[in-house]
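Summary of the model geometry
Listed below are the residues making up each chain.
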Amino acid sequence: MAVVDSRMDLLSERALLMRQSLQKSQTITDNVVSILGSFDSRLSALETAMRPTQVCLYRAPITFSDLFSIHIADLIGIWFDCVFLNLKIRTHAIRKAHENIDKTLKSAEVILSQFDLLRQAETKVLKGPHEDLESYLDAIAQLRKIIRYFTRNKSFKSSDGVLNHANSLLAKAQSKLEEEFKKLLSSYSKAVEPDRLFDGLPKSLRPSSDGDRGGKPHGGHHNDDVETAVYTLPILIPSRVLPLLHDLAQQMVQAGHQQQLLLIYRETRSFVLEESLKKLGVEKLGKEDVQRMQWEVLEPKIGNWIHFMRIAVKLLFAGERQVCDQIFRGFDSLSDQCFAEVTVRSVSMLLSFGDAIARSKTSPEKLFVLLDMYEIIRELHTEIETIFKGKACLEIRDSATGLTKRLAQTVQETFGDFELVVDKDATKNAVLDGTVHPLTSYVVNYVKFLFDYQITLKQLFLEFGKGDDSNSQLASVTMRIMQALQNNLDGKSKQYKDPALTHLFLMNNIHYMVRSVRRSEAKDLLGDDWVQRHRRTVQQHANQYKRIAWAKILQCSSAQGLTSSGGGSVDGGNSSGVSRGLLKERFKMFNMQFDELHQRQSQWTVPDTELRESLRLSVAEVLLPAYRSFLKRFGPLVESGKNPQKYIKYTAEDLERLLGELFEGKSMNEPRR
């Protein structure tokens, strides 16, 4: 550096001496030109004065002395002409020299000005860009101009030295620019606090005061709200700093330092994004981590992941894309590459968890969270395609699309597995009272819940199905699940030793299925035909229950088999031929059977109020008329004998009241009303 400075000083001194000498030469030249110009004018005046005399000589009579005079005059004229011509030639040469000197002076001025500019640029470069970035960038631009000038004018003796010095300064300036870019970017790159991100969400999606992570709409109900929701991007880097970063980046690109620029930006911003996600609560979990977790732990993590995905894409990544585009404005491919490298690890952190869930072992309880996950990826599809644009982001876009496909595939596999699980459910603990089986309520609620997701399911079947109409595919899946449930219920009903309870059980469960479908959106998909067909099935089981449970007691209230084999008459002169002994036995049998039926069936359950009342009424309509008729016809014969209350235990009104206690699910020790 000291050597370079001494050379610069020597060059400056020589240039100054040259300038002074040239100025003296200019003064002398001007004086000579002035003198020659004066002499030239004098000769011209002399020539003009002699011209009339020469004319007169030619016109007058010529003598010898005249001829001598003419000869002398001609010689003098020729001599003057020669002198004059020589002076003109010398004057022209001096003028040419003057012009060359002038050109040389101007070239020297340019060279000297380049030295001055180089000195000024050096001062600014050594000072650094921190205080006055604009002036620093001007100095770099000036250095490039100086380098171009001396590259074109390498004939100058000192060109190589100047070029080496200027290039050295430019390299130093670029190095300081990189340092300044890194320093400026780092100082304004801080992890975003979760509260700042939450503030950018629509109010409906912000965390509530009780610590809830925010709304998690699903099933197509939220689509309109989501499409019109307003998200406010966080300020990741102040707007006043972005133009400075852009200018610095532009200089680095022009200097061919794209790789250094990319490296600085990636290392700084990628760390900030990852830290922002960690502060939010994002964990990097793989398939093995997921498989080790209990469902109670995993389910809330999936809910959080859905919320995190929305925040990351719509706020964090969108904000980073905005920053990247402004800093690298005018360099689209570089902007895309920087953004891809900055976000790739953060995106991987998020998608790896989703991929682990999609690849984990299927189970029925995972279906709805899988659908939630599929929904959020579908919701964010447009933003992902827009934010992660360009060839550099292709791998990220493909990763998101791949996750969508895996989730769709897992959903369809889960449907198949659920159908199989329902069909093969081997619950051995039968419901003792014949009520709705937990499996039935679980499956029906499962199917009803599916219809909260019908928009999502139709979209899924449309994109990843087998080409059939999405409505028909969803209907087909639902029917297969319901049929699998019926098949399982048929198997469970065989666990009952009492055939009447078998039919009561099937009646309760199928009625629950029909009622639930009629009250849900599943009715539109399964159709009225399915509903009517299963309603008839319910009625068939009710009739079978009534026939099996009450046929035997109805025989006790009929006159069949009461005729005495001896044909003797009873007291009172009745000639009906009815044996009082058989009649008493018949009443005792009726009482015993009714007590048994009442005790057992009052412990059975028909949970639906309307169905329960309908079934009681159906039994009463068969039993009470028969008993009234029997009691009216044969009661007096028993009442006329000893201890009639021993045989006639119930009136028709008593039976009606007791029938009202059936199917209440009473315990055995619970007293009658």
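It should be emphasised that the depicted structure is a prediction, and the values quoted were computed from it without experimental measurement.

By the secondary structure assignment, K424 is in helix α14 (residues 394-424). The spatial distance from the C-alpha of K424 to the C-alpha of G491 is 9.7 Å, given a sequence separation of 67 residues.

Moving on to the environment of K546. Within the secondary structure, K546 sits in helix α19 (residues 522-556). Taking the C-alpha atoms as reference, K546 lies 9.1 Å from V622; in sequence the two are 76 residues apart. When residues no more than four places from it in sequence are discounted, the contact partners of K546 are A551, S618, V619 and V622.

A few words on the packing of aromatic side chains. A complete count under the given rule lists 21 aromatic pairs for this structure. On the numbers, 5.7 Å between centres and 55° between planes, the contact of Y442 with Y446 is tilted. Of this pair, Y442 and Y446 are both found in helix α15 (residues 438-450), four residues apart, which corresponds to roughly one turn of the helix. With centroids separated by 5.0 Å and ring planes inclined at 55°, the aromatic side chains of F587 and F630 adopt a geometry described as tilted. Placement of F587 in helix α20 (residues 580-601) and of F630 in helix α21 (residues 609-639) is noted, with a sequence separation of 43 residues between them. For F630, a relative accessible area of 4% puts it in the buried group. Grouping aromatic residues by their ring pairs yields a cluster made of F368, F418, Y442, Y446, F449 and Y453. The ring of F339 has R321 lying over it, and the distance from NZ or CZ to the ring centre is 4.4 Å.

A side chain of one charge can pair with a side chain of the opposite charge if their charged atoms are brought near each other. Scanning the model with the defined rule gives 27 salt bridges in all. Salt-bridge contacts for R321 lead to D336; the nearest nitrogen and oxygen are separated by 3.1 Å. Taken as a pair, R321 in helix α10 (residues 295-327) and D336 in helix α11 (residues 332-359) lie far apart in primary sequence, 15 residues in all. Judged on exposure class, the residue R321 and its partner D336 are both buried. For D425, the salt bridge identified is with K492, shortest N-O distance 2.8 Å. With D425 in the loop between α14 and α15 and K492 in helix α17 (residues 470-493), the pair connects residues that are 67 residues apart, well separated along the chain.

What follows is about unusual backbone geometry. Phi is positive for F663, close to 65°, though the residue is something other than glycine. Within the fold, F663 resides in the segment after α22 (652-659).

Moving on, we come to the packing of helix α8 (residues 258-280) against α10. Their axes nearest at 12 Å, the elements α8 and α10 cross at an angle of 160°. Compared by their axis directions, α8 and α10 come out roughly antiparallel. Considering the relative orientation of α8 and α10, their crossing is right-handed. Residues Y265, R269, L273, S276, L277 and L280 of α8 touch α10, and the partners they reach there are F308, I311, A312, L316, F317, E320, V323, C324 and I327. For the contact of α8 with α10, a count of residues per class yields 12 nonpolar, one polar and two charged.

Moving on, we get to a positive patch on the surface. On the surface, K448, R518, R519 and R535 cluster together to form a positively charged patch. For K448, the position within the fold is in helix α15. Judged by relative accessible area, which is 35%, K448 ranks as partly exposed.

Attention shifts here to α22. Three or more residues of α22 are buried, namely A652, L655, L658 and L659. One side of α22 holds all its buried residues, which, seen down the axis, span an arc of 125°. Packed against the buried residues of α22 are α19, α20 and α21.

Quick look at the nonpolar core now. In globular proteins that are soluble, nonpolar side chains generally tend to be buried together. In this structure, F181 and W550 are the most contacted members of the largest nonpolar core, which totals 160 residues. No other element matches α10, which puts 17 residues into this core. Those residues in contact with W550 that sit more than four places away from it in its chain are Y545, F594, L597, Q601, V619, L623, L659 and L662.

On average, residues of the protein chain carry a pLDDT of 80, and 70% of them reach 70 or more. In the predicted structure, residues 215-222 sits below a pLDDT of 50 and forms 28 contacts with residues beyond four places in sequence or in another chain. With pLDDT under 50 throughout, residues 566-575 is counted as low confidence; its partners more than four residues away or in other chains account for six contacts.

Relative to the helices and strands, S493 resides in helix α17. Of the residues examined, S493 reaches a relative accessible area of 2% and is grouped as buried. Once residues lying within four places of it in the same chain are set aside, the contact partners of S493 are T502, F505 and L506.

What counts, and at which threshold
- Residues numbered from 1 in each chain as written.
- Predicted model: local features only at pLDDT ≥ 70, side-chain atom pairs only at ≥ 80, totals over all residues.
- Heavy atoms only, no water.
- Helix = DSSP H or I, 4+ residues; strand = E, 2+ residues; numbered from the N terminus.
- Contact = heavy atoms within 4.5 Å.
- Phe/Tyr/Trp six-rings, centres within 6.5 Å; stacked < 30°, edge-to-face > 60°.
- Buried < 20%, exposed > 50% of the residue type's maximum accessible area, 1.4 Å probe, protein only.
- Lys NZ or Arg CZ within 6 Å of the ring centre and 35° of its normal.
- Salt bridge = Lys/Arg side-chain N within 4 Å of Asp/Glu carboxyl O.
- Axes fitted to C-alpha atoms, helices over the stretch in contact; angles between N-to-C directions.
- Parallel < 35°, antiparallel > 145°, perpendicular 65-115°, else oblique.
- Left-handed = near helix turned anticlockwise from the far one by under 90°.
- Nonpolar A, V, L, I, M, F, W, Y, C, P; charged D, E, K, R; others polar.
- Patch = residues over 30% accessible without salt bridge, like charges linked within 9 Å, V, L, I, M, F, W, Y side chains within 5 Å.
- Areas by Shrake-Rupley, 256 points an atom, 1.4 Å probe, with all protein chains shown as cover.
- Lys, Arg positive; Asp, Glu negative; His and termini not counted.
- Charge placed at Lys NZ, Arg CZ, Asp CG, Glu CD.
- Arc of directions from axis to C-beta.
- Core = buried A, V, L, I, M, F, W, Y, C linked by side-chain atoms within 4.5 Å.
- pLDDT = per-residue confidence, 0-100.

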